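Structural features, examined
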Amino acid sequence: MFLSSSFEDNFNQRAPIGIFDSGVGGLTVLRQVYRQLPNESIIYFGDTARLPYGIRSQAEILQFVGEILTWMEQQRVKLVIMACNTSSALALEKVRVEFSVPILGTILPGAKAAVACGKRIGVIATPATAKSNAFRHAIHEIDPNVQVWQVGCPEFVPLIEQNRIHDPYTAEVARSYLEPLLEQDIDTLVYGCTHYPHLAPVLRSLLPNGVKLVDPAVHVVVACAQELDLLGLKNTHSPTPTRFAVSGCPQQFASTSVQWLGCVPKVEVVDFASAVSHLWCD
Ligand SMILES: N[C@@H](CCC(=O)O)C(=O)O
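- The name given to the protein chain in an unreviewed UniProt entry is Glutamate racemase, with Iningainema tapete BLCC-T55 as the source organism.
- According to its UniProt record, the protein chain has this under Catalytic activity (unreviewed entry): "L-glutamate = D-glutamate".

Below you can see the structure in the form of structure tokens.
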């Protein structure tokens with residue numbers, strides 16, 4: 001009895017954390033896990049065949065997230081981080097009751113951090129996240145006196161996925177998205193999409209010095225550490241190498257992500273249409 005339960009505890013602690021996004025956005029969360037939870041093993045999934053999520057309907061997001069969580073459970077993850085604000089805004093509450101694995105989203109940790117920073121909060125997000133008002137609701141639950149302005153930024157995710165971060169066109173687009181927020185004299189700007197911290201140098205250069213930037217990725221990983229402590233699931237052993245998987249072209253994901261990972265990742269392909277078979281690439 002004692003032996004089998006201690007074996008099970010060990011197994012659960014050593015199990016990986018699942019992180020998913022539509023593409024390379026979740027790497028901003030992965031980077032925080034590497035910093036804050038260096039002993040954890042990770043499975044990263046990017047649904048690159050179906051991005052951008054930010055222009056999808058709630059029904060589509062629910063279907064995609066359901067498929068990804070089913071796959072994650074098959075990989076025996078101990079916890080999942082939805083490293084995608086669009087999924088967190090449109091699907092988290094619904095899937096939490098359907099899946100037994102603990103699932104964390106980015107909206108609440110981001111909202112808490114924003115309220116701690118300022119009173120005039122701007123949120124840049126995908127069109128679907130902005131339309132859902134998820135950040136506004138979460139912020140007002142904490143403090144109804146804070147003012148919130150949200151801007152949907154449809155061009156950012158395609159530009160980042162195409163690796164056009166340093167393209168002057170990207171700066172031009174960023175300027176137009178920030179303009180209505182700067183007119184409101186915001187004191188805080190929330191990255192309401194996990195892709196956007198990849199644009200940090202561009203955005204920073206367009207913001208007045210006093211505006212604070214909130215990255216929910218930092219705070220969802222703080223919440224993850226607390227949850228693992230609470231569940232007794234923190235890994236005290238060495239982690240296994242991160243496993244990367246995508247639904248689209250693995251070479252494309254590898255070549256875009258190398259700048260943030262510092263090495264070319266080996267990327268697996270998951271084909272949801274044919275019942276979660278997967279292949280390794282050379
Ligand atoms: N990383 C994104 C998904 C964006 C997209 O695919 O449009 C998010 O946080 O919402």
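1. Quick notes on the packing of helix α6 (residues 107-117) against helix α8 (residues 134-142)
- For the pair α6 and α8, the least separation of the axes is 9 Å and the interaxial angle reads 55°. Relative to α8, the element α6 lies oblique. Crossing hand, α6 versus α8: right-handed. On the side of α6, the interface is formed by Ile107, Gly110, Ala111, Lys112, Ala114 and Val115, while α8 contributes Ala134, Phe135, Ala138, Ile139 and Ile142.
- A class-by-class count of the residues in the contact of α6 with α8 yields 9 nonpolar, 1 polar and 1 charged.

2. Description of the UniProt feature "binding site: substrate" (unreviewed entry) in the protein chain
- Summarizing the sequence annotation, UniProt attributes the feature "binding site: substrate" (unreviewed entry) to Asp21, Ser22, Tyr53, Gly54, Asn85, Thr86, Thr194 and His195 in the numbering used throughout. Sequence-wise these annotated residues cover 175 residues; spatially they are packed, their C-alpha atoms never more than 11.8 Å apart.
- For Tyr53, the position within the fold is in the loop between β2 (42-46) and α3 (58-74).
- Those residues in contact with Tyr53 that lie beyond four places of it in its chain are Ser22, Asp47, Ile61, Phe64, Ile68, Cys84, Thr86 and Ser87.
- Polar contacts involving the side chain of Tyr53 include one to the side chain of Asp47, which spans 2.5 Å.

3. Considering the pattern of salt bridges
- The full count for this structure, using the stated rule, is 9 salt bridges.
- Of the charged contacts, one joins Glu40 and Lys78 as a salt bridge, the two residues approaching to 2.6 Å between their closest N and O atoms. Here the residue Glu40 occupies a position in the loop between α2 (27-36) and β2, and Lys78 occupies one in the loop between α3 and β3 (79-82), the gap between them amounting to 38 residues.
- Judged by its relative accessible area of 5%, Glu40 is buried.
- Judged by its relative accessible area of 6%, Lys78 is buried.
- Linked through salt bridges whose partners overlap, the residues forming this network are Asp47, Arg50 and Glu67.

4. Some thoughts on the site of the ligand
- Looking at the ligand, there are 13 residues lining it, with Asp21, Ser22, Tyr53, Asn85 and Thr86 nearest.
- Contact between the ligand and His195: a nitrogen atom at 2.8 Å from a side-chain N or O atom of the residue.
- Contact with the protein chains hides 99% of the accessible area of the ligand, taken as 290 Å² for the molecule alone.
- Considered class by class, the residues forming the shell around the ligand number 5 nonpolar, 7 polar and 1 charged.

5. Description of unusual backbone geometry
- That bond from Leu51 to Pro52 is cis: its omega, 0°, falls within 30 degrees of zero.
- The residue Pro52 is located in the loop between β2 and α3 in this model.
- Residues other than glycine seldom take positive phi values, yet Asn163 does so here, at roughly 60°.
- Mapped onto the elements of the fold, Asn163 is located in the loop between α9 (156-161) and α10 (168-183).
- The exposure class assigned to Asn163 is partly exposed, which follows from its relative accessible area of 39%.
- Even without glycine at this site, Asp185 takes up a positive phi of about 60°.
- Checked against the element boundaries, Asp185 lands in the loop between α10 and β7 (188-192).

6. Description of the sheet that holds strand β5 (residues 120-125)
- Pairing in this open sheet of 4 strands is parallel, and the strands run β6-β5-β7-β8 from one edge to the other. Each edge of the open sheet carries a strand with a single partner, namely β6 (147-152) and β8 (212-214). Pairwise comparison of adjacent strand axes, ignoring direction, gives a mean angle of 20° for this sheet.
- The pairing of β7 with β8 spans 3 bridges and is parallel. In the sheet register, Val190 faces β8, and the bridge partner there is Val214.
- Where α6 meets the sheet, its contacts fall on β5, β7 and β8, and the angle it forms with β8 comes to roughly 165°.

7. Considerations on the packing of aromatic side chains
- Summed over all chains, the structure comprises 7 aromatic pairs.
- Each ring, one from Tyr44 and one from Phe253, has its centre 5.9 Å from the other, and the planes form 35°; the classification is tilted. Residue Tyr44 is found in strand β2, and its partner Phe253 is found in helix α13 (residues 250-261); the two are separated by 209 residues along the sequence.
- For Tyr44, a relative accessible area of 0% corresponds to the buried category.

What counts, and where the lines are drawn
- Residues numbered from 1 in each chain as written.
- Predicted model: local features only at pLDDT ≥ 70, side-chain atom pairs only at ≥ 80, totals over all residues.
- Heavy atoms only, no water.
- UniProt positions renumbered as here; feature names shortened; annotations may be inferred.
- Axes fitted to C-alpha atoms, helices over the stretch in contact; angles between N-to-C directions.
- Helix = DSSP H or I, 4+ residues; strand = E, 2+ residues; numbered from the N terminus.
- Parallel < 35°, antiparallel > 145°, perpendicular 65-115°, else oblique.
- Left-handed = near helix turned anticlockwise from the far one by under 90°.
- Contact = heavy atoms within 4.5 Å.
- Nonpolar A, V, L, I, M, F, W, Y, C, P; charged D, E, K, R; others polar.
- Polar contact = N/O pair within 3.5 Å; in protein donor to acceptor, adjacent residues only side chain to side chain.
- Salt bridge = Lys/Arg side-chain N within 4 Å of Asp/Glu carboxyl O.
- Buried < 20%, exposed > 50% of the residue type's maximum accessible area, 1.4 Å probe, protein only.
- Near = heavy atom within 4 Å.
- Areas by Shrake-Rupley, 256 points an atom, 1.4 Å probe, with all protein chains shown as cover.
- Pairing = 2+ DSSP bridges.
- Phe/Tyr/Trp six-rings, centres within 6.5 Å; stacked < 30°, edge-to-face > 60°.

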